[in-house]
Amino acid sequence: MAPSATLKPTPKKALLCLHGAGSSGPIFKIQLARIRLALKHDFDFVFATAPNPSIAGPGMQLFAGAGPFYRWFSPDTGAGETGISSLHASVRSAVEVWEGGKKDSEAEIVGVVGFSQGAVAATLLMWQQQGGEIPWLPKLQFGVFICSDLTEEVTRWLDDEAVKRGEEKAVLRQPTLHLHGLKDPYLAKGRRMMAGHYDEASMIKIEFDGGHHCPNTPLDSGKAIAGIRQSASGISFKSQFAYLLVYVTRYLDLLWTNPFASGLGLYNTVFKILFISAQVYIVYLMLNDYKPTHDPNADTFKVEYLLAGAAVMGLVFPPEYKFTEMLWAFSLWLESVAILPQLFMLQRTGSAETITTHYIFALGAYRALYIPNWIWRYFMEKGHFEPIPVIAGIIQTVLYTDFFYIYWSKVMQGQRFNLPV
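Note that this is a predicted model, so its numbers are computed, not measured.

## So, the overall build of the chain
At step 1: Looking only at helices and strands, the chain features 15 helices and 10 strands.
At step 2: When each of the 421 residues of the chain is scored for burial, the buried share is 47%.
At step 3: In the chain, 78% of the contacts between residues at least 6 apart in sequence involve partners at least 24 apart.

So this is what it looks like as structure tokens:
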């Protein structure tokens, strides 16, 4: 057996999966096989089975002998109190079974995947949760809806409930990904559902060359996988948190500096506040809105070593032995290596989205541009030289060297960023 160090860690995120009408949890597990395989290190998958018996659904010829089959909303119970209670009971049972047997105690369900009528059921659950209902359901931070159906009775119920809340219409405001097969006979209904009940600013729409089924070709499933992974994927939270510490410790003088004491005082104060505020907002988004798309299994660099090393350098080699000067030195040394978790994450994943590489390049380029400033000041200010900023800046620029080369030779030539094998 291979050493345990080579084994992939258990995913810390899970997706609740709701099948279509005339299907079941085990069948949906097979239908999602290609997507599950690609995302096996990103997510665990929790399959619930609907409560109402049904005949086999559309396109289920392959599974004709794999019954029994179920549906989320039956003609008898519909979207009334009884029907929704049975939906809740089935989903809650699946969640509790998974919670009781999960391999990682910190793992949590962060999103939902629904196919056809399952997409309608998922929408209902997310909308109820958006209104503060069903507290037993894990926080569903995003939804993936494949070939969504439009169940008129359910959508009428949603809109009626929205009016009771003082809203004009039931609109889901969480991030959603919508996958539509261009040959799906129910495509028009799916588009109506998408247009009527989701916030357009929070949705991503992907169309694939298929019918009423889950994306199953490499090209089509690749689109779905990329859509599920996007947002904060590829960005290291540890690097972002390190940069927050950099700005807070460097600009602590905001607490006692008079911004009007000099000509540049107000200018510097405004930009210091902007630096800190922007970084706080980035960290907040990664802890909340984009938490489901951040992969802690890839962001594994031991950032505590960087913090300890920067602290030692700040204590031993400050410009002056004053508390504020030690913090200033700490911030410079930490900034010189804060990008390491991000670069390490790139090395683990082997590739990155183009927009991510542009962002990382900007982080490195701004520091590299200090070099001509140091040269100018040395010659124009009679040998002005500050060893800590210069040495820290050189270290940071050197760490970027390999990234800069690949960025220039790949991304700037219109290719995807991929590390050489």
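We are not done yet, so read on.
## A closer look at the nonpolar core
At step 1: Counting residues in hydrophobic clusters, the biggest one holds 40 residues, and the most contacted among them are Leu-16, Leu-18, Trp-72 and Val-91.
At step 2: By size, the runner-up hydrophobic cluster in this structure holds 29 residues, among which are Ala-329, Trp-333, Val-337 and Ala-338.

## Section: the side chain of His-19
At step 1: Within the secondary structure layout, His-19 lies in the loop between strand E1 (13-18) and helix H1 (25-31).
At step 2: Polar contacts involving the side chain of His-19 include one to the main-chain amide nitrogen of Ala-50, which spans 3.0 Å.
At step 3: The contact partners of His-19, leaving out residues within four places of it in the chain, are Ser-24, Gly-25, Phe-28, Ala-48, Thr-49, Ala-50, Tyr-70, Trp-72, Phe-115, Gln-117 and Gly-118.

## Observations regarding the environment of Arg-250
At step 1: With respect to the element layout, Arg-250 can be found in helix H8 (residues 237-250).
At step 2: Looking at Arg-250, the relative accessible area reads 13%, which means it is buried.
At step 3: The residues touching Arg-250, leaving out its near neighbours within four places in the chain, are Trp-328, Ser-331, Leu-332 and Glu-335.
At step 4: A distance of 2.6 Å separates the side chain of Arg-250 from the side chain of Glu-335, its partner in a polar contact.

## Here we look at the confidence of the model for the chain
At step 1: The share of residues in the chain with pLDDT of 70 or more is 90%, and the mean pLDDT across the chain is 84.
At step 2: Averaged over each element, pLDDT in the chain is lowest for strand E9 (residues 351-352) (62) and highest for strand E2 (residues 44-48) (95).
At step 3: Every residue in residues 1-7 is under pLDDT 50, and counting partners more than four places away or in other chains gives one contact.

## Regarding the pattern of salt bridges
At step 1: Taken as a whole and assessed by the stated rule, the structure comprises 13 salt bridges.
At step 2: Two residues, Lys-322 and Glu-320, come together in a salt bridge whose shortest N-O distance is 3.5 Å.
At step 3: Judged by relative accessible area, which is 47%, Lys-322 ranks as partly exposed.
At step 4: Its relative accessible area of 40% is what places Glu-320 among the partly exposed residues.

## Structural notes on helix H9 (residues 265-287)
At step 1: Its 23 residues give H9 an end-to-end C-alpha distance of 33 Å, which sits within 8% of 33 Å, the value for a rise of 1.5 Å per residue.
At step 2: Of the residues making up H9, those classed as buried are Gly-265, Thr-269, Lys-272, Ile-276, Gln-279, Val-283, Leu-285 and Met-286.
At step 3: Packed against the buried residues of H9 are H8.

## Brief notes about the packing of aromatic side chains
At step 1: The final tally for this structure, using the stated rule, is 18 aromatic pairs.
At step 2: For the ring pair Phe-361 and Tyr-407, a centre distance of 4.3 Å and an interplane angle of 5 degrees mean the geometry is stacked. Here the residue Phe-361 occupies a position in helix H13 (residues 354-368), and Tyr-407 occupies one in helix H15 (residues 387-409), the gap between them amounting to 46 residues.
At step 3: Judged by its relative accessible area of 29%, Phe-361 is partly exposed.
At step 4: In this structure, Arg-165 packs its charged tip against the face of Trp-127, placed 3.4 Å from the ring centre.

## Observations concerning the layout of surface pockets
At step 1: In this structure, the second largest pocket spans a volume of roughly 840 Å³.
At step 2: Around the second largest pocket, the lining is made up of 29 residues, and of these Trp-328, Leu-332, Tyr-370, Glu-386 and Pro-389 lie nearest the centre.
At step 3: At the level of secondary structure, the elements contributing two or more residues to the lining of the second largest pocket comprise H8, H9, helix H11 (323-337), H13, helix H14 (370-380) and H15.
At step 4: At seven residues, the largest contribution of residues to the lining of the second largest pocket is made by H14.
At step 5: The class makeup of the residues in the lining of the second largest pocket is 18 nonpolar, four polar and seven charged.

## Focus on the packing of helix H3 (residues 81-101) against helix H4 (residues 117-130)
At step 1: Contact pair H3 / H4: the axes reach a minimum separation of 12 Å and the direction vectors enclose 90 degrees. One finds that H3 runs roughly perpendicular with respect to H4. When H3 is examined against H4, the residues Ile-84, Leu-87, His-88 and Val-91 are found in contact with a partner set consisting of Ala-121, Leu-124, Leu-125 and Gln-128.

## Some words on the environment of Met-194
At step 1: Topologically, Met-194 is positioned in helix H6 (residues 187-197).
At step 2: With 23 residues separating them in the primary sequence, Met-194 and Val-171 have C-alpha atoms 9.8 Å apart.
At step 3: Apart from the residues lying within four places of it in its own chain, the contact partners of Met-194 are His-178, His-180, Met-203 and Lys-205.

## What to know about empty space enclosed by the protein
At step 1: Within the structure shown, the criterion is met by one cavity of 30 Å³ or more.
At step 2: One number sums up the size of the largest cavity: a volume of about 40 Å³.
At step 3: Taken together, Leu-15, Leu-32, Ile-35, Phe-45, Val-113, Val-144, Ile-146 and Ile-228 make up the full set of residues lining the largest cavity.
At step 4: The residue inventory of the lining of the largest cavity, partitioned by class, reads eight nonpolar, no polar and no charged.

## Things to note about the sheet that holds strand E6 (residues 142-146)
At step 1: An order of E2-E1-E5-E6-E7-E8 is seen for the six strands of this open sheet, with the pairing classed as parallel. The two strands at the open ends of the sheet, each matched to only one other strand, are E2 and strand E8 (203-208). Across this sheet, the average inter-strand angle for adjacent strands is 20 degrees, counted without regard to direction.
At step 2: Judged from the six bridges that link them, E1 and strand E5 (residues 108-115) form a sheet pairing that is parallel. In the sheet register, Leu-15 faces E5, and the bridge partner there is Gly-111.
At step 3: Sheet strands touched by H3: E1, E2 and E5. Its angle to E2, the strand with the most contacts, is close to 145 degrees.
At step 4: Sheet strands touched by H4: E1, E5 and E6. Its angle to E5, the strand with the most contacts, is close to 140 degrees.

Conventions we followed
- Residues numbered from 1 in each chain as written.
- Predicted model: local features only at pLDDT ≥ 70, side-chain atom pairs only at ≥ 80, totals over all residues.
- Heavy atoms only, no water.
- Helix = DSSP H or I, 4+ residues; strand = E, 2+ residues; numbered from the N terminus.
- Buried < 20%, exposed > 50% of the residue type's maximum accessible area, 1.4 Å probe, protein only.
- Contact = heavy atoms within 4.5 Å.
- Core = buried A, V, L, I, M, F, W, Y, C linked by side-chain atoms within 4.5 Å.
- Polar contact = N/O pair within 3.5 Å; in protein donor to acceptor, adjacent residues only side chain to side chain.
- pLDDT = per-residue confidence, 0-100.
- Salt bridge = Lys/Arg side-chain N within 4 Å of Asp/Glu carboxyl O.
- Expected span 1.5 Å × (residues − 1).
- Phe/Tyr/Trp six-rings, centres within 6.5 Å; stacked < 30°, edge-to-face > 60°.
- Lys NZ or Arg CZ within 6 Å of the ring centre and 35° of its normal.
- 1 Å grid on protein atoms, 1.4 Å probe; cavity = no way out; pocket = protein on both sides within 12 Å on 5 of 7 lines; lining within 4 Å.
- Points joined across faces, edges and corners; volume = space filled by probe spheres on them.
- Nonpolar A, V, L, I, M, F, W, Y, C, P; charged D, E, K, R; others polar.
- Axes fitted to C-alpha atoms, helices over the stretch in contact; angles between N-to-C directions.
- Parallel < 35°, antiparallel > 145°, perpendicular 65-115°, else oblique.
- Pairing = 2+ DSSP bridges.

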